[in-house]
Amino acid sequence: GETTDTLEFYLSGNVEIRTITGKQSEILQCDECYYDVGRNVAIALRSRLEVRDPKMIYPIYFDADEMFRLNENLYQSNNVEVYSTILPSDPGLKVQVREATLEMRDIPKRGLFGSQVIDPETGLPETVKQRWFKGRNMVVRLEGVPVFGWPFVQGDIDDPLGPLENVTIGASRTFGFQFGTTWDIYDLIGMEKIDGTRWHLLLDILTR
């Protein structure tokens, strides 16, 4: 008989593929799916990827008409909506991205002052898991209305809105309607962050 290393499935209906790594979990939900167990490859149609991690307050959702799992560490989609909320039914703020990838990768574990942490038992450098998101043609939508666009986005999904760090809305007699945003320029230009530094863009609209 076949072993699990050679099994291939076509599934339709309420499909869920769950991956659990320690305290982190990924749930790929879709209407239709081809899944190659041995290579850990999947093609999911009308899909939603839910990522849960103890470091994040709310789960992060990736919605796509077509999503590819290229291996156990890499997802890809040509058009995806990203958001973080308690319930995925009606998120107010979404990031829409084309040519998107989500990759699980090992990065060096850093100490308090940025130095590489060494495992005292093995003498080898320690690493930590990081989910790294990249995409092109980003559009930020607030309640369905586009409020910002940028040709490139990347970042750790522990920060689910990528380069967008803060959104404020208000009104006053002096300034009128106020809409303010704060952006991480390192993420906007695709540059690795320099330890101990911050680089922000403040983009605001004041109608008066």
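Above: the structure in question.
Bear in mind that the values here come from a model prediction, so they are computed numbers and not experimental data. (Residues numbered from 1 in each chain as written. Predicted model: local features only at pLDDT ≥ 70, side-chain atom pairs only at ≥ 80, totals over all residues. Heavy atoms only, no water.)

**Side note on the pattern of salt bridges**
Using the criterion set out here, one finds nine salt bridges in the structure. Arginine 48 serves as the salt-bridge partner of aspartate 63, at 2.9 Å between the closest nitrogen and oxygen. Pair noted here: aspartate 63 is in strand β4 (residues 60-71) and arginine 48 is in strand β3 (residues 41-52), with a separation of 15 residues, a long-range link. Aspartate 63 gets classed as buried once you look at its relative accessible area, which sits at 15%. A salt bridge links aspartate 53 to arginine 131, with the shortest nitrogen-to-oxygen separation between them at 3.7 Å. Here aspartate 53, found in the loop between β3 and β4, pairs with arginine 131, found in strand β7 (residues 127-142); they are 78 residues apart in sequence, far enough to count as distant. Among the residues examined, aspartate 53 registers a relative accessible area of 9% and is labelled buried. Overlapping salt bridges, with partners in common, bring together Glu26, Asp53 and Arg131 in one network. (Salt bridge = Lys/Arg side-chain N within 4 Å of Asp/Glu carboxyl O. Helix = DSSP H or I, 4+ residues; strand = E, 2+ residues; numbered from the N terminus. Buried < 20%, exposed > 50% of the residue type's maximum accessible area, 1.4 Å probe, protein only.)

**Describing the sheet that holds strand β10 (residues 176-184)**
Spatially, β9-β10-β11 is the arrangement adopted by the three strands of the open sheet, whose pairing is antiparallel. Each edge of the open sheet is held by one strand with a lone partner, namely β9 (164-172) and β11 (200-206). Here the average twist between neighbouring strands, direction ignored, is 10 degrees. Summarising the sheet, β9 and β10 pair through eight bridges and their orientation is antiparallel. Bridge pairing in β10 links threonine 168 to glycine 180. (Pairing = 2+ DSSP bridges. Axes fitted to C-alpha atoms, helices over the stretch in contact; angles between N-to-C directions.)

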